[in-house]
Every structure is written in structure tokens, then in C-alpha cells.
Amino acid sequence: KIKVADNINVVLQQLTGEIVTLKREVNRLKLLEVPSVTIWTDWTPTVTQSGSVTITITFARYIVIQNMVTLRARLTVTGTGTAGNAIVVGGIPAAIEPTSTVGIIGTMRVVDTGTSNYVGALQLLTATTMSGIPHSTSGGIGVSPSFALANTDIIDIVGTYERV
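It should be emphasised that the depicted structure is a prediction, and the values quoted were computed from it without experimental measurement.

### Some words on the pairing of strand S7 (residues 103-112)
Next up, step 1: Bridge count between S7 and strand S8 (residues 116-124): nine bridges; the pairing is antiparallel. The residue of S8 that forms the bridge with methionine 108 is glycine 120.
Next up, step 2: In this structure, the hairpin formed by S7 and S8 is closed by a connection of three residues, where glycine 114 is found at a positive phi of approximately 80 degrees.
Next up, step 3: Pairing analysis gives six bridges linking S7 to strand S10 (residues 154-162), with the strands arranged antiparallel. If you follow valine 111 over to S10, its bridge partner there is isoleucine 154.

### Let's talk about the pairing of S8
When a strand is regular, its side chains alternate between the sheet's two faces.
Next up, step 1: Bridge count between S8 and strand S9 (residues 129-134): five bridges; the pairing is antiparallel. Of the residues in S9, the one forming a bridge with leucine 124 is methionine 130.

### Notes on the packing of aromatic side chains
Next up, step 1: Inspection of every chain in the model, using the stated rule, returns one aromatic pair.
Next up, step 2: Relative to phenylalanine 147, the ring of tyrosine 118 lies with its centre 4.4 Å away and its plane at 15 degrees, an arrangement referred to as stacked. Here phenylalanine 147 lies in the loop between S9 and S10 and tyrosine 118 lies in strand S8, a separation of 29 residues in the sequence. No difference in accessibility class separates tyrosine 118 from phenylalanine 147, as the two residues are buried.

### Some thoughts on the sheet that holds strand S2 (residues 46-49)
Next up, step 1: Overall, antiparallel pairing links the ten strands, which are arranged S1-S4-S5-S10-S7-S8-S9-S6-S2-S3 in an open sheet. Both outer strands of the open sheet, strand S1 (41-42) and strand S3 (51-53), are each paired with one neighbouring strand and no more.
Next up, step 2: Note: S2 against strand S6 (residues 88-90), three bridges, orientation antiparallel. Bridge pairing in S6 places threonine 46 opposite glycine 90.

### Things to note about the nonpolar core
The tendency in soluble globular proteins is for nonpolar side chains to be buried as a group.
Next up, step 1: Formed by 29 residues in total, the largest nonpolar core has its most connected members in Met130, Ile155 and Ile157.
Next up, step 2: The set of elements that each furnish at least two residues to this core consists of strand S4 (55-65), strand S5 (68-77), S7, S8 and S10.
Next up, step 3: What isoleucine 157 contacts, discounting residues up to four positions off in sequence, is Trp43, Leu71, Arg72, Ala73, Val89, Thr107, Met108, Leu122 and Met130.

### Quick word on unusual backbone geometry
Next up, step 1: The step from serine 144 to proline 145 runs through a cis peptide bond, and the omega angle for that step is 0 degrees.
Next up, step 2: Checked against the element boundaries, proline 145 lands in the loop between S9 and S10.
Next up, step 3: One non-glycine residue, glutamine 66, lies in the positive phi region at around 55 degrees.

Thresholds, definitions, all that
Residues numbered from 1 in each chain as written. Predicted model: local features only at pLDDT ≥ 70, side-chain atom pairs only at ≥ 80, totals over all residues. Heavy atoms only, no water. Pairing = 2+ DSSP bridges. Helix = DSSP H or I, 4+ residues; strand = E, 2+ residues; numbered from the N terminus. Phe/Tyr/Trp six-rings, centres within 6.5 Å; stacked < 30°, edge-to-face > 60°. Buried < 20%, exposed > 50% of the residue type's maximum accessible area, 1.4 Å probe, protein only. Core = buried A, V, L, I, M, F, W, Y, C linked by side-chain atoms within 4.5 Å. Contact = heavy atoms within 4.5 Å.

The following block contains the structure:
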């Protein structure tokens, strides 16, 4: 009887050790889990160039993966802007992490139909707005060179930023 009880105690100690090891491994694997990914969600951007500019949204989508927001949009202008003013896109789909409200987050392209393409870095202006900075100048797209948005112009944006 003593040998059986001793053997049972040894086996129980070994099993307890194995259970502790398994719990540690499960916790380690939980840290390696792939973050949950949601599907692309539509959002409604706005456009201004001194004043409000009417647009048709061809598409405007964003996806959130943990704290990162990636957005894409193609907007067709149906109104007019005011030359000499930056083109500003508002209505950012998810709150921006406060310390990153001024920074480069992607690319903006404006097709001034029949004239030219203007490409620049997409920068956050405020917690709710962004604009493009041409690579060759310090003013916003629409400022230098100066041009006004007009019917059929296209605005393409893509960017990623940290949300709250």
C-alpha cells in the first residue's frame, strides 16, 4: 500500500507540473493571436476649398485593425472650389489618437480634369480633417499651383493612422 500511495503522489506531482506548463503555453499563445479584422466600412467624407464643395462619393471605405485605421476614398467633384486655397477632406472615420493629429498618413491625388494631376502627401490637419501637400511646394494642393476644384475633378486618398 505504501508503494502505491507513493507512486500516486509522484504521478500527481508530475501532472500538476505539466498542467502549470500547459497553462503557461496557453497564455503565451494567446499573446500571439491574430487580431480580429473587421470588414471594410463605408464613411462619408466632406470636401472644402475655402467653402464647401459638393461631391459624389465613388467609394469611401475604412478598416480598423486593433488601433490602426486604413482609409481609401475616390471622390468626384460636382461643385466648385476657390482657387488659391487648400483642398481639405473632412469627416475622418475614427477618432485620431491625440498626439498624431499633425502628420503624414498617406497620399492624395487630385485630377484636375483636362489639365493636370497633382499628387502629394496626405497630412492630418486637425482631429477631423486632412489635406494634400504637393511634393514640390510647401502650400497645400490647390494653393501652389493655384487652381479651383471643378465639376468632374477627382480626389483620390489613401492613408493609415492611429486611432484612440
